[in-house]
Amino acid sequence: MNAVSQKKKEKQTGYLHQNFRLFHLKEKKNQEFEFHYHDFNKIIIFLSGNVTYFVEGKAYDLKPWDILLINNHDIHKPVIDPGTAYERVVIWLQPDFIREQKDRSCDLSRCFTTATEKRFNLIRLNHRLQADMQTILQQLESSLTSTEFGHEALSQAYFLQFMVYLNRIFLPEISQPDFSASRYDRQIADILTYISLHLGEDLSNETLSRQFYVSKYYLMHKFKEHTGYTLHAYVQQKRLLHAKDLIQEGTPVLKASSLCGFSDYSTFLRAFRKFYGFSPKAFLTARKKDSGFSGTQTATTHMPY
């Protein structure tokens, strides 16, 4: 087990070394999950069961053929009724792979960008779109289990077809969000949005309580109740996740720490090392050597849900 796995196994789950992976699962299981995140994007196509999915402070009561778009670093967890079989198709995909497909007229990562902009992760399909999606998924699943000539190229082609279709049905002019499908606290949703837009600024409990006109202790209690995180831990984690992204994209470490709200560089280094299990310098060195310090591996294989 490497340092990354040891330090991150409680909150980050799953690993992904391919461009994408697909899982089709159905089981009855009495299991509770904690809030967590991934370094890859995740798509959940819900087929049956009784499941409520929490994503960044919103609760989605899922219906058959609902689709959830979960961005990398989104905090999420399912609440699953163990008395009913839970069937779903789960797709893990590397953000870099999707971005590499971009050309002038086609950005396949747009659906994830739009989900973030809307602060809404659900696509609810009508009957016609359900039938189309079922056909596309059957083709993709069949190609992934095939051993015939060209099956890998065909699988990638079907996957790209799936992503094109997903983006088409999530465009604003085609798919208006069904906001009645989610439950959330408006104040907490506004706070989460504010945090994501102001990571480089003062986000202390005192500052946020003044910004949103509530007592500090009420805010801290309410935030933990709706997100599963303390306010301080959530802000710190979002800052560190963003810092690693910036460093990975080429931003100097000192500048990245400042952009993410760390006024003291030594504090940033300690927090980074504690959270990731290695220093920014070690991260950069490992990236150059392509040695697997990508943060997408954990100590144990994680079952998608």
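Per-chain numbering applies: the sequence of each chain, read as written, is numbered from 1 onward. In view of the model being predicted, local features appear only for residues whose pLDDT reaches at least 70, and side-chain atom pairs are presented and counted only at 80 or more, with totals across whole chains, interfaces and linings using the full set of residues. Values reported for side chains reflect all heavy atoms of the structure, with hydrogen atoms and water molecules removed beforehand.

On to the sheet that holds strand 3 (residues 51-55), then. Read from one edge of the open sheet, 4 strands run 6-3-4-9, paired in antiparallel fashion. Both outer strands of the open sheet, strand 6 (76-80) and strand 9 (182-184), are each paired with one neighbouring strand and no more. Adjacent strand axes in the sheet meet at a mean angle of 20° when their direction is disregarded. The rule for pairing is simple: two strands pair if DSSP sees at least two bridges between them. The helix and strand labels rest on DSSP assignments: H or I over at least four residues marks a helix, E over at least two residues marks a strand, and numbering proceeds from the N terminus. With 4 bridges joining them, strand 3 and strand 4 (residues 58-61) adopt antiparallel strand pairing. Looking across to strand 4, one finds that T52 is bridged to D61. With axes taken as lines fitted to C-alpha atoms, and helix axes fitted only over the stretch in contact, angles between N-to-C directions fall between 0 and 180 degrees.

Turning our attention to helix 4 (residues 127-145). For a helix, the expected span equals 1.5 Å multiplied by the number of residues minus one. The terminal C-alpha atoms of helix 4 lie 27 Å apart, and with 19 residues this matches the ideal 27 Å at 1.5 Å per residue to within 8%. Burial status follows relative accessibility: with a 1.4 Å probe on protein chains alone, a residue under 20% of its type maximum counts as buried, one over 50% as exposed, and anything between as partly exposed. The complete set of buried residues in helix 4 reads L129, Q130, M133, I136, L137, L140 and S143. The arc that holds the buried residues of helix 4, viewed along the axis, is 160°, so those residues lie on one side. Across helix 4 from its buried face, at more than 90 degrees, point the exposed residues H127, R128 and T145. Contacts are assigned to residue pairs that have any heavy atoms within 4.5 Å of one another. Summarising the contacts, the buried residues of helix 4 are in contact with strand 1 (20-27), strand 2 (41-48), strand 5 (66-70), strand 7 (86-93) and helix 5 (151-170). The N-cap residue of helix 4 is N126: its side-chain oxygen and the backbone nitrogen of R128 are 3.1 Å apart. Of all possible arcs, the one meant is that of the directions from the helix axis to the C-beta atoms. The term polar contact refers here to a pair of N or O atoms within 3.5 Å; inside protein, the definition further demands a hydrogen-donor-capable atom paired with an acceptor-capable atom, and it admits residues adjacent in sequence only when both atoms are side-chain atoms.

A pair of packed helices is characterised by two quantities: the angle between their axes and the separation of those axes. It is at 8 Å that the axes of helix 4 and helix 5 come closest, and there the two elements cross at 160°. Considering the angle they form, helix 4 stands roughly antiparallel to helix 5. The two elements helix 4 and helix 5 meet at a crossing, and its hand is left-handed. For the pair formed by helix 4 and helix 5, the contact residues are L129, D132, M133, I136, L137, Q139, L140, S143 and L144 on the first element and H151, L154, S155, Y158, F159, Q161, F162, Y165, L166 and I169 on the second. Across the contact of helix 4 with helix 5, the residue classes tally to 13 nonpolar, 5 polar and 1 charged. Small angles under 35 degrees read as roughly parallel and large ones over 145 as roughly antiparallel, with 65 to 115 read as roughly perpendicular and the rest as oblique. Helix crossings are classified by the rotation of the near helix relative to the far one: an anticlockwise turn of less than a right angle makes the crossing left-handed, while a clockwise turn makes it right-handed. Three categories are distinguished: nonpolar for Ala, Val, Leu, Ile, Met, Phe, Trp, Tyr, Cys and Pro, charged for Asp, Glu, Lys and Arg, and polar for the others, with Gly belonging to the last.

Before going further, it helps to spend a moment on helix 6 (residues 186-197). Here helix 6 contains 12 residues, and its C-alpha end-to-end distance of 17 Å stays within 8% of the 16 Å for a straight helix at 1.5 Å per residue. All of the buried residues in helix 6 are I188, A189, I191, L192, Y194 and I195. In this structure, the buried side of helix 6 is in contact with strand 4, strand 9, helix 7 (205-211), helix 8 (216-227) and helix 9 (231-248). Regarding helix 6, its N-cap is D185, as a side-chain oxygen of that residue lies 3.0 Å from the backbone nitrogen of Q187 further along.

This next bit is on the confidence of the model for the protein. Per-residue confidence for the protein gives a mean pLDDT of 85, with 86% of residues at or over 70. The pLDDT value tells you how sure the predictor is about a given residue, anywhere from 0 up to 100. Low confidence marks residues 1-10, where pLDDT is under 50. Its contacts with residues over four positions away, or in another chain, come to 21 contacts. Every residue in residues 291-301 is under pLDDT 50, and counting partners more than four places away or in other chains gives 31 contacts.

This brings us to the pattern of salt bridges. Throughout this description, the term salt bridge denotes a Lys or Arg side-chain nitrogen within 4 Å of a carboxyl oxygen of Asp or Glu. If you walk through the whole model with that rule in mind, you get 9 salt bridges. One salt bridge connects K238 with E56, and the closest N-O pair in it is separated by 2.8 Å. Note that K238 is positioned in helix 9 and E56 in the loop between strand 3 and strand 4, a separation of 182 residues in sequence. The pair formed by K238 and E56 is uniform in burial state, with each residue classed as buried. R124 is the salt-bridge partner of D66, the closest N and O atoms lying 2.6 Å from each other. Here the residue D66 occupies a position in strand 5, and R124 occupies one in strand 8 (residues 122-124), the gap between them amounting to 58 residues. Looking at D66, the relative accessible area reads 2%, which means it is buried.

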